[in-house]
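So you can see what is in the structure, the chains are spelled out below.
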Amino acid sequence: MLAEAAGVSVKTVRYYSDQGLLPDTVERSSGGHRRYGADALEVLRTLRGLRALGLPLPLAGSVVRGELTLDQALAGQREQVDRQLTELRWRSAALSAAATPEHLVLLGEALKDGPVRDSFATFWRRALPLRIPASLRTAIVDAALPELPTDPTPRQALAYAELRALTCDRARAAEARYLEHSGCDATLVYQGVGEAYDLARAELARGAAPAPGDAVDAFVSVFARAERKVDNTDFRRELAARPSGPQVMVRYWSLSTLLDPRPNMGAAHEWITAGLSDWAARL
């Protein structure tokens, strides 16, 4: 009997047959019962295996009908399971992090739709100069967003919640646009400072201490051009004495580093300014 050979119930065989998932019957018995060929057993075993792995029937049906390969169907299911596992790990980390009523509210608001980076991107689009080229804006936003861990610690869950609260605040994004009010060409700064940051990140990656060099020179050159000044000792001394940036950006990069420890633009900026300050202190 087909149902017994496939390890399923007769009701299941009838259901799959009614759904058009089994090959056409070869013949019917004298009592009117359907009789299936050997290929029906293979289809039933395939359906049983796919369903046991959690694939919904429409997706399993696409496999037996040849609309999807087995590899495609299983890959899609693995991606879904991985997403679910990540969401559960975030929820577990949040439960451990919710030590106070304030943290509970913060985490609940941040994770109600799962861990996403939408607010981070919106923050940067609001913080960047209005006239910056679209391609440059996209590149900066992409580079500024931390990768979210798939297995976060409680501290990372709280850092994510804090960063989301910060980036959802439109007023804080306005604070980040300080360059537009500093008298320099903010667009020119963003167009040129990437090279300096790349050089600094390379130094960070090899564990080098902040020091004058190519990264600092590139950084100073960008600001000198943007402010229409000469790159000389006086300008470098004045640039070294400036604040590193608004507190909102310091906080953004601090929280980002907790989520993604790879050297980011904030770490590169800090490394360069530290190197410039070290040079100024030796004069």
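Coordinates for the structure precede this section.
Residues numbered from 1 in each chain as written. Predicted model: local features only at pLDDT ≥ 70, side-chain atom pairs only at ≥ 80, totals over all residues. Heavy atoms only, no water.

A closer look at the nonpolar core
By size, the foremost hydrophobic cluster in this structure holds 63 residues, and its most contacted members are Phe123, Trp124, Tyr252 and Ile272. Looking at which element gives the most residues to this core, the answer is helix H12 (residues 214–226), with nine residues. The next biggest cluster of nonpolar side chains, apart from the first, holds 18 residues, and it includes Leu22, Leu55, Val63 and Ala73. (Core = buried A, V, L, I, M, F, W, Y, C linked by side-chain atoms within 4.5 Å. Buried < 20%, exposed > 50% of the residue type's maximum accessible area, 1.4 Å probe, protein only. Helix = DSSP H or I, 4+ residues; strand = E, 2+ residues; numbered from the N terminus.)

Points about the layout of surface pockets
In this structure, the largest pocket encloses a volume near 700 Å³. Among the elements of the structure, helix H7 (118–127), helix H8 (134–144), helix H11 (186–205), helix H14 (247–259) and helix H15 (265–281) are those that each provide at least two residues to the lining of the largest pocket. Broken down by element, the lining of the largest pocket gets its largest block of residues, seven residues, from H11. By residue class, the composition of the lining of the largest pocket is 22 nonpolar, nine polar and four charged. (1 Å grid on protein atoms, 1.4 Å probe; cavity = no way out; pocket = protein on both sides within 12 Å on 5 of 7 lines; lining within 4 Å. Points joined across faces, edges and corners; volume = space filled by probe spheres on them. Nonpolar A, V, L, I, M, F, W, Y, C, P; charged D, E, K, R; others polar.)

Regarding H7
Those residues of H7 not exposed but buried are Ser119, Phe120, Ala121, Phe123, Trp124 and Ala127. Along its buried surface, H7 packs onto H8, helix H9 (154–167), helix H10 (170–175) and H14. (Contact = heavy atoms within 4.5 Å.)

Some thoughts on the environment of Ala200
Counting through the fold element by element, Ala200 comes out in helix H11. The class for Ala200 is buried, based on a relative accessible area of 0%.

So, the packing of aromatic side chains
Applying the stated criterion to the full structure yields nine aromatic pairs. Seen in terms of ring centroids, Trp124 and Trp253 are 5.7 Å apart; in terms of plane orientation they differ by 50°. Their pairing is tilted. Of this pair, Trp124 sits in helix H7 while Trp253 sits in helix H14, and the two are 129 residues apart along the sequence. Residue Trp124 shares its accessibility class with Trp253, and that shared class is buried. Residues Tyr252 and Trp253 carry aromatic rings whose centres are separated by 5.1 Å and whose planes lie at 90° to one another, so their mutual orientation is edge-to-face. The class of Trp253 is buried, set by a relative accessible area of 12%. Cluster of aromatic residues (ring-pair linked, three or more members): Phe123, Trp124, Tyr252 and Trp253. (Phe/Tyr/Trp six-rings, centres within 6.5 Å; stacked < 30°, edge-to-face > 60°.)

Considerations on a nonpolar patch on the surface
Together, Val81, Leu85 and Leu88 make up a nonpolar patch on the protein surface, roughly 220 Å² of accessible area in all. When its relative accessible area of 36% is taken as the criterion, Leu85 is described as partly exposed. (Patch = residues over 30% accessible without salt bridge, like charges linked within 9 Å, V, L, I, M, F, W, Y side chains within 5 Å. Areas by Shrake-Rupley, 256 points an atom, 1.4 Å probe, with all protein chains shown as cover. Salt bridge = Lys/Arg side-chain N within 4 Å of Asp/Glu carboxyl O.)

Section: the pattern of salt bridges
What the rule picks out here adds up to 16 salt bridges. Across the pair Arg242 and Glu227 runs a salt bridge whose closest N-O atoms are separated by 2.7 Å. Of this pair, Arg242 sits in the loop between helix H13 (233–240) and H14 while Glu227 sits in the loop between H12 and H13, and the two are 15 residues apart along the sequence. Judged by relative accessible area, Arg242 falls into the partly exposed class, the value being 26%. For Arg237, the salt bridge is made with Asp234, and the minimal N-O distance between the two is 3.2 Å. Here the residue Arg237 and the residue Asp234 both occupy positions in helix H13, the gap between them amounting to three residues, near one helical turn. Take Arg237: its relative accessible area is 39%, and that puts it in the partly exposed class. Several salt bridges converge on common partners, so that one network encompasses Glu227, Lys229, Glu238 and Arg242.

A word on the packing of H11 against H12
Axis separation between H11 and H12 bottoms out at 8 Å; the angle between their running directions is 175°. Between H11 and H12, the interaxial angle falls into the category roughly antiparallel. Facing H11, whose interface residues are Leu188, Val189, Gly192, Val193, Ala196, Tyr197, Leu199 and Ala200, H12 presents Asp214, Ala215, Ala218, Phe219, Val222, Phe223, Arg225 and Ala226. Of the residues belonging to the contact of H11 with H12, the class tally is 13 nonpolar, one polar and two charged. (Axes fitted to C-alpha atoms, helices over the stretch in contact; angles between N-to-C directions. Parallel < 35°, antiparallel > 145°, perpendicular 65-115°, else oblique.)

Details of the side chain of Thr167
Relative to the elements of secondary structure, Thr167 occurs in helix H9. Engagement of the side chain of Thr167 in a polar contact is seen with the side chain of Ser119, the distance being 2.9 Å. Among the polar contacts made by the side chain of Thr167, one reaches the main-chain carbonyl oxygen of Arg164 at a distance of 3.2 Å. Apart from residues no more than four positions distant in its own chain, Thr167 is found in contact with Ser119, Phe120, Phe123 and Tyr252. (Polar contact = N/O pair within 3.5 Å; in protein donor to acceptor, adjacent residues only side chain to side chain.)

Brief notes about H15
Under the 1.5 Å per step criterion, the end-to-end length of H15 is 24 Å for 17 residues, consistent within 8% with the ideal 24 Å. Close packing links the buried residues of H15 with H8, H11, H12, H13 and H14. Its side-chain oxygen placed 3.0 Å from the backbone nitrogen of Gly266, Asn264 serves as the N-cap of H15. (Expected span 1.5 Å × (residues − 1).)

The analysis is restricted to geometry; functional conclusions fall outside its scope.
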